[in-house]
Amino acid sequence: MNETNENDGAALGIVGLGVMGGNLARNAVDRGVRVVGYERDPDLRARFAAGELGDRVELVDDLAALVRALPRPRAILVMVTAGAAVDAVIASLSEHLEAGDAIADGGNSQWTDTERRAGELETRDLHLLGMGVSGGADGARRGPCMMPGGTDQAWAAFRPALEPMAAVTADGPCVAHMGPGGAGHFVKTVHNGIEYGQMQLLAEGWSLLRVAVGASHAECAEHMARWNEGPLASFLVEISAKILTVTGDDGVPLVERVLDRAEQKGTGRWTVMSALELGVPVPTIAAGLDARSLSSRLELRRRLAARTQKLATGAEYELDERCIEGALLLGFACCFAQGFHLLAARSEERDWRLPFAAIATIWQGGCIVRARMLELVRRAYDEKPQLEHLFEHEGFVELIERHHADLRRTVAAGTSRGVAIGALASALGYIDALRSARMSTSLVQAQRDAFGSHGFRLLDDPDGPPQHADWLG
């Protein structure tokens, strides 16, 4: 086998030159990384070659040629559909690789699949980097946020290529080693879960602006643009403001013609499933998932809407856009707090030692959930790396104190007008539950003991032996 022992700069192999893989290849060569690319589909390969910077990528006809063209230790990024396709490419690639070489899976793979694949490759002294990539197609081209997890050797093999490709903030490139095994893909999964919650919060905020405040589409866009200049500043608020300005040829806002059936690819569901498995409450994130599931029941919703037109709703609570802004701030805070709480639980279970401050830092550029609030998240973990929950940090305590009345009024106003605000309502319930020194779940435990003899512990002896009572006489 021919090989090159000296690397005159960063070199990267890329398998899969579709939208994401192709843009990552263009990104890399644009930043001085040597790229060798392979695409199985000849038509797609031809289109890539004829497109932007296609002539600067060394295209090969098969995986064996890709491997031969790269210096050792080889770093090959796989950008194919998550699932069986990843397994097939890794199996084919590994036939040509040598000890010390590394593969990165840049798709939205389940972290458990990454752990399995890493274990299989480890037996042959090959390394796997499970890497979450956020920022969409434009981010892949201009600078994404990347969350790689795997062995130190895998990270060392890819780092010279990934750091130039990443989005850059004042703190440096938005890529950092997350930890071993499936840590990187799990961090990306939770990132997407936070995204689900925050997207739904903004959708509810838009609905409240229209129904409870009476704002026009143009005024809604203006309000969101102003929000993006303050503490709510984020990529999702920015694009929402722009979306609301787009009209069709007839002048009607285009968003009014978009079918209200929001699709999903699975990462939000994986986040909620992990939270259920670990016993971590993520109600605002789950509300985002529930809203998409409810939206898919289109015909059922239409039938029920027709049958319940006479339900009375009122306008008992006055509302303005600044009140909604404060409510959304706390909703965003809940999404971040729930996401990092879940990351901490999985990190402890797997002994990953996730770098929470680094995650908050790299999420500030390139990725979908980039937001000004992440500065506060990073500061919290810089000051207390072992912080159990973000709401224990003084900055978040102050945020809750400042805006809890906004959230209460917003939820009350939305409820009185019959606006579906599951994410905002869940955020309020989450905050109120966490600040309750005593909850109504004492009755739940008594019920469990009454019908199932599950026992209960006493308030004045929480670590004492279980008790049982004859509740039903």
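Since the model is a prediction, treat every value here as computed from it, not as a measurement. (Residues numbered from 1 in each chain as written. Predicted model: local features only at pLDDT ≥ 70, side-chain atom pairs only at ≥ 80, totals over all residues. Heavy atoms only, no water.)

Further remarks concern the layout of surface pockets. Space inside the second largest pocket adds up to approximately 340 Å³. Around the second largest pocket sit 18 residues that line it, and Ala 344, Ser 347, Glu 348, Phe 356 and Gln 386 are the ones nearest its centre. At the level of elements, helix H14 (321–350) and helix H15 (356–362) are the ones that each hand at least two residues to the lining of the second largest pocket. Here the element with the most residues in the lining of the second largest pocket is H14; it accounts for five residues. (1 Å grid on protein atoms, 1.4 Å probe; cavity = no way out; pocket = protein on both sides within 12 Å on 5 of 7 lines; lining within 4 Å. Points joined across faces, edges and corners; volume = space filled by probe spheres on them. Helix = DSSP H or I, 4+ residues; strand = E, 2+ residues; numbered from the N terminus.)

In this fold, Glu 115 is placed in helix H5 (residues 111–122). Note: C-alpha distance between Glu 115 and Ala 82 (33 residues apart in sequence) is 14 Å. Here Glu 115 is in contact with Pro 180, Gly 181, Gly 182, Arg 350 and Trp 352, once residues within four sequence places are set aside. Polar contacts involving the side chain of Glu 115 include one to the main-chain amide nitrogen of Gly 182, which spans 2.7 Å. (Contact = heavy atoms within 4.5 Å. Polar contact = N/O pair within 3.5 Å; in protein donor to acceptor, adjacent residues only side chain to side chain.)

Take the packing of helix H17 (residues 394–416) against helix H18 (residues 422–434) next. It is at 10 Å that the axes of H17 and H18 come closest, and there the two elements cross at 135 degrees. Here H17 is positioned oblique relative to H18, judged by the angle of their axes. Helix-helix and strand crossings are classified by hand; for H17 and H18 the assignment is left-handed. Packed against H17, whose contacting residues are Ile 400, Leu 407, Arg 408, Thr 410 and Val 411, the element H18 presents Leu 424, Ala 425, Ala 427, Leu 428, Ile 431 and Asp 432 at the interface. Residues that form the contact of H17 with H18 fall into these classes: eight nonpolar, one polar and two charged. (Axes fitted to C-alpha atoms, helices over the stretch in contact; angles between N-to-C directions. Parallel < 35°, antiparallel > 145°, perpendicular 65-115°, else oblique. Left-handed = near helix turned anticlockwise from the far one by under 90°. Nonpolar A, V, L, I, M, F, W, Y, C, P; charged D, E, K, R; others polar.)

Our next topic: the nonpolar core. If you look at the biggest cluster of nonpolar residues, it comprises 90 residues, and the most contacted ones within it are Phe 340, Leu 343 and Trp 363. In this structure, Phe 340 is in contact with Phe 356, Ile 359, Ala 360, Trp 363, Val 377, Tyr 381 and Leu 390, ignoring residues within four places of it in sequence. Leu 12, Ala 28, Val 35 and Val 133 belong to the second-largest nonpolar core, a separate cluster that totals 32 residues. (Core = buried A, V, L, I, M, F, W, Y, C linked by side-chain atoms within 4.5 Å. Buried < 20%, exposed > 50% of the residue type's maximum accessible area, 1.4 Å probe, protein only.)

This part takes up the packing of aromatic side chains. A complete count under the given rule lists nine aromatic pairs for this structure. Look at Trp 111 and Phe 186: their rings are 6.0 Å apart centre to centre, the planes differ by 80 degrees, and that puts the pair in the edge-to-face class. Taken together, the positions of Trp 111 in helix H5 and Phe 186 in helix H8 (residues 183–213) put the pair 75 residues apart, joining distant regions of the chain. By way of ring pairs, the aromatic residues Phe 340, Phe 356, Trp 363 and Tyr 381 are connected into one cluster. A cation over an aromatic ring shows up here: Arg 292 above the ring of Tyr 196, its NZ or CZ 3.7 Å from the ring centre. (Phe/Tyr/Trp six-rings, centres within 6.5 Å; stacked < 30°, edge-to-face > 60°. Lys NZ or Arg CZ within 6 Å of the ring centre and 35° of its normal.)

A few words now on the confidence of the model for the protein. When pLDDT is averaged along the protein, the result is 93; 98% of the residues meet or exceed 70. Confidence drops under a pLDDT of 50 for residues 1–8, and excluding neighbours within four residues, the segment shows 13 contacts in the predicted structure. (pLDDT = per-residue confidence, 0-100.)

When helix H4 (residues 84–94) is considered as a whole, its buried residues turn out to be Val 86, Val 89, Ile 90, Leu 93 and Ser 94. One side of H4 carries all its buried residues, which in axial view fall inside an arc of 125 degrees. Turning to H4, the residues buried within the fold contact strand E1 (11–15), helix H3 (63–69), strand E4 (75–78), strand E5 (102–105), H5 and strand E6 (127–134). (Arc of directions from axis to C-beta.)

Another aspect to go through is the sheet that holds E5. As summarised here, the arrangement of the seven strands in space is E3-E2-E1-E4-E5-E6-E7, forming an open sheet in which the pairing is mixed. With partners counted over all chains shown, the strands left at the sheet margins are strand E3 (58–59) and strand E7 (145–150), one partner each. Across six bridges, the pairing between E6 and E7 is antiparallel. Directly across from Ser 134, in E7, lies its bridge partner Cys 145. Strand contacts of helix H7 (residues 152–165): E1, E4, E5, E6 and E7, with the helix running at about 35 degrees to E6, the strand carrying the most contacts. Each of E5, E6 and E7 is contacted by H8, which is oriented at about 15 degrees to E6, the strand it contacts most. (Pairing = 2+ DSSP bridges.)

Looking now at the environment of Ser 207. Turning to its location among the elements, Ser 207 is positioned in helix H8. The spacing of Ser 207 and Gly 230 is 23 residues in sequence and 21 Å in space, taken between C-alpha atoms. Apart from the residues within four sequence positions on either side, Ser 207 is in contact with Ala 212 and Val 419.

Moving on, we come to the pairing of E6. With eight of its eight residues buried, E6 lies for the most part within the structure. In E6, alternate side chains face the same way, and those of His 127, Leu 129, Met 131 and Val 133 on one face and Leu 128, Gly 130, Gly 132 and Ser 134 on the other are all buried. In the sheet, E5 pairs with E6 via four bridges, with the strands oriented parallel. Bridging across to E6, Ala 104 finds its partner in Leu 129.

Now for the pattern of salt bridges. As a working rule, side chains carrying opposite charge can pair if their charged atoms are close by. Evaluation of the coordinates by the stated rule reveals 27 salt bridges. Across the pair Asp 30 and Arg 141 runs a salt bridge, and its minimum N-O distance is 3.1 Å. With a gap of 111 residues between them, Asp 30 in helix H1 (residues 19–30) and Arg 141 in helix H6 (residues 136–142) connect regions that are remote in the sequence. Asp 30 gets classed as partly exposed once you look at its relative accessible area, which sits at 41%. What makes Arg 141 buried here is its relative accessible area of 10%. With a shortest N-O distance of 3.3 Å, Asp 351 and Arg 353 are connected by a salt bridge. Take Arg 353: its relative accessible area is 68%, and that puts it in the exposed class. Salt bridges sharing partners connect three or more residues here, namely Asp 87, Asp 105, Asp 113, Arg 116, Arg 117 and Glu 120. (Salt bridge = Lys/Arg side-chain N within 4 Å of Asp/Glu carboxyl O.)

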